[in-house]
Every structure is written in C-alpha cells, then in structure tokens.
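# Close look at the chain arrangement
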Amino acid sequence: MYDLIIIGAGPAGLSAAVYGRRAGFELLVVEQTPMGGGQVVDTYEVDNYLGMPGINGFDLAQKFRGHADGLGAVFQSGRVTAVRDEGAYKVVETADGSSYEARALILAGGAEHAKLGVPGEEEHRGCPTALPVTALSLRRETWRSWVAAMWQWRMLSTFPDSAERCI
Ligand SMILES: Cc1cc2nc3c(=O)[nH]c(=O)nc-3n(C[C@H](O)[C@H](O)[C@H](O)COP(=O)(O)OP(=O)(O)OC[C@H]3O[C@@H](n4cnc5c(N)ncnc54)[C@H](O)[C@@H]3O)c2cc1C
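Starting from 1, residues in each chain are numbered consecutively following that chain's sequence as written. Given that the model is predicted, a residue must reach a pLDDT of at least 70 before its local features are reported, and side-chain atom pairs must reach 80 or more before they are shown or counted; all residues, however, enter totals for whole chains, interfaces and linings.

### Here we look at the overall build of the protein chain
- When its secondary structure is counted, the protein chain shows 3 helices and 6 strands.
- A helix here means a DSSP run of H or I that spans at least four residues, while a strand means a run of E at least two residues long, and both kinds are numbered starting from the N terminus. Starting at the N terminus and ending at the C terminus, the protein chain contains elements arranged as β-α-β-α-β-β-β-β-α.
- As a rule, residues whose C-beta atom has 12 or fewer other C-beta atoms within 10 Å are exposed, those with 20 or more are buried, and those in between are partly exposed; C-beta atoms are placed from the backbone. The buried share of the protein chain, taken over its 167 residues, is 22%.

### Focus on helix α1 (residues 11-22)
- One less than the residue count of a helix, multiplied by 1.5 Å, gives the span that helix is expected to have. For α1, built from 12 residues, the straight-helix expectation of 16 Å at 1.5 Å per residue is met to within 8% by its first-to-last C-alpha distance of 16 Å.
- Every buried residue of α1 is listed here: Pro11, Gly13, Leu14, Ala16, Ala17, Gly20 and Arg21.
- Think of it this way: build a C-beta for each residue from its backbone, and any pair within 7 Å is a contact. Elements that come into contact with the buried residues of α1 comprise β1 (2-7), β2 (27-31), α2 (57-70) and β6 (99-107).

### Here's the deal with the pairing of β2
- Among the 5 residues in β2, 5 count as buried, and that is most of the element.
- By the alternation rule, side chains of β2 split into Leu27, Val29 and Glu31 and Leu28 and Val30, which are all buried.
- Of the pairings in the sheet, the one linking β1 to β2 comprises 4 bridges and is parallel in character. Within β2, the residue paired with leucine 4 across the bridge is leucine 27.
- Remark: the β1/α1/β2 crossover connection has right-handed handedness.
- The parallel pair β2 and strand β3 (residues 74-77) is bridged by α2, and the resulting crossover is right-handed. Pairing between strands requires that DSSP locate at least two bridges from one strand to the other. Crossovers are described as right-handed under a simple rule: with the strands pointing away from the observer, the path leading from the first strand over the helix to the second runs clockwise.

### Notes on the site of the ligand
- What surrounds the ligand is a group of 28 residues, the closest being Gly8, Gly10, Ala12, Gly38 and Gly110.
- Breaking the shell around the ligand down by element, the ones donating at least two residues are α1 and β2.
- Tallying contributions element by element places α1 first for the shell around the ligand, with 3 residues. Only the C-beta atom matters for nearness: placed from the backbone, it must lie within 6 Å of the molecule or strand for the residue to count as near.

### Considering the environment of glycine 87
- One can find glycine 87 in the loop between β4 (80-85) and β5 (90-94).
- Once the C-alpha coordinates of glycine 87 and arginine 103 are considered, the two residues, 16 residues apart in sequence, prove to be 9.0 Å apart.

### Side note on the confidence of the model for the protein chain
- Overall, the predicted model of the protein chain reaches an average pLDDT of 84, with 75% of residues at or above 70.
- Confidence scores labelled pLDDT are given residue by residue by the predictor and lie between 0 and 100. Every residue in residues 154-163 scores below 50 in pLDDT, and together they form 15 contacts with partners more than four places removed in sequence or on other chains.

### Here we look at the nonpolar core
- Ile5, Ile6, Ile7, Ala17, Leu27 and Val29 are the most contacted members of the largest nonpolar core, which totals 24 residues.
- Where this core is concerned, the elements lending two or more residues are β1, α1, β2, α2 and β6.
- Sorting elements by how many residues they give to this core places β1 first, with 5 residues.
- Excluding anything up to four places from it in sequence, leucine 27 contacts Tyr2, Asp3, Leu4, Ile5, Ile6, Ala17, Gly20, Arg21, Ala73 and Val74. Joined through C-beta atoms within 7 Å, a set of buried Ala, Val, Leu, Ile, Met, Phe, Trp, Tyr and Cys residues constitutes a nonpolar core.

### Quick word on the sheet that holds β2
- Spatially, β3-β2-β1-β6-β5-β4 is the arrangement adopted by the 6 strands of the open sheet, whose pairing is mixed. Looking along the sheet, the strands with just one partner apiece sit at the ends: β3 and β4. For this sheet, the mean inter-axis angle between neighbouring strands, taken without regard to orientation, is 40 degrees.
- Pairing between β1 and β6: 5 bridges, direction parallel. Among the inter-strand pairings, isoleucine 5 is bridged to a residue of β6, identified as leucine 105.
- Against the sheet, α1 touches β1, β2 and β6, its axis set at about 170 degrees to β2. Comment: axis = line fitted to C-alpha atoms, over the contacting stretch for helices; angle = value between 0 and 180 degrees taken between N-to-C directions.

Here is the structure:
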C-alpha cells in the first residue's frame, strides 16, 4: 500500500512526485509511455521556463524525470484503465491486469491534442509550425489540404536550427 499514487508522468505528475517525496510519502507514479514527460517531450523549444531559456522539450522532460528519480520516486509503466474508491484506500488498475493501492491519488493525465489526420502530421509533431487561427473558420477539408500543402512545400525548412525531423 502506497501513501500516494500519481497517474501520469508529465510535468504535473513529476512535480507532484517531487513534492510528495520531499514530504516523505511512499509514492508510485504510473505512466503509459516508456519515458513519460508528457506533452513537453514533443515540444521543440520551451522558452518560458525560468532559468532555462530556449531549452528543448525532451531535455527539459529528462531533467524533470531526473529530479523525481533522484528523490526516490518509484515509476511503473502501464496505462491506467480504472480507478476504484474503496473508502480508506483507492485501487488503480492498469491495462495489463495489474492493480496498485494507495491512501490517496493524484490524477495528472494531462491532455492530448486533437489530430487533423493530414500527411506529415505525426512526423512533424512538435516542430515549429505556425497555423493561422483564421484558417480555423475554413471548411474542414480545405483546412486539411491547406496544412498538407504547407508541409509539402517544406515551409518548416525556414527554421534552419530545427531538429532534423522538422526539415
Ligand atoms: C507542441 C507543444 C508545445 C508546447 N510548448 C510549451 C511551451 O513552450 N511552454 C509551456 O509552458 N508549455 C508548452 N506546452 C504545454 C505543456 O507541454 C503542457 O502544459 C504540459 O505538458 C502539461 O503537463 P501535464 O503534466 O498536466 O500533462 P501532460 O504533459 O499531458 O502529461 C500527462 C501524462 O499522463 C500520461 N497519461 C495520460 N493518461 C494516462 C493513463 N490512463 N495511464 C497512464 N498514464 C497516462 C501521459 O502519457 C502523459 O505522460 C506545449 C505543448 C505542446 C503539445
């Protein structure tokens, strides 16, 4: 039985893990992706984190994880499929059939962007692309073609310092 289970190892979950460990809690972080980090992993550049201007999202996520690791947070891979409240304790179930118990839970599952379903979308996720808001008022198909064309014309190559996958 853990004091605390945190679902999600994005910035919120990892912050909770750091605070939890500093408060002396025996805690478990359950994360569905191999390394966690959340949305920030797909971020080309984070420029608003105090003291780390322009840091790459992947590097920042690794620092977050290293901080929680260093304080002794325990991590478990798994996609949480159900949470049960048994009164004095809570049960967390994962897709592989495992279950974990704790006196308290923090849900830090974050969010996932809606996908457009256009060619190149997956490969260029997180690359420095600007999509004009006015285009949102276009019909969906027009919007899809416009975005596809934009990638096709390799507008991303106008960012010479982009990661290789962005060019
Ligand atoms: C392209 C992009 C650029 C961004 N740029 C910036 C920026 O420059 N500056 C900035 O401040 N913010 C930026 N953000 C936003 C920032 O990344 C998010 O605000 C932040 O990651 C939210 O953290 P979170 O921990 O709440 O959620 P998330 O980052 O969404 O993390 C949630 C975690 O929970 C896990 N999870 C979800 N469901 C389950 C489940 N059922 N079982 C197990 N694990 C689960 C996910 O796998 C994930 O690791 C950007 C986001 C994107 C996508």
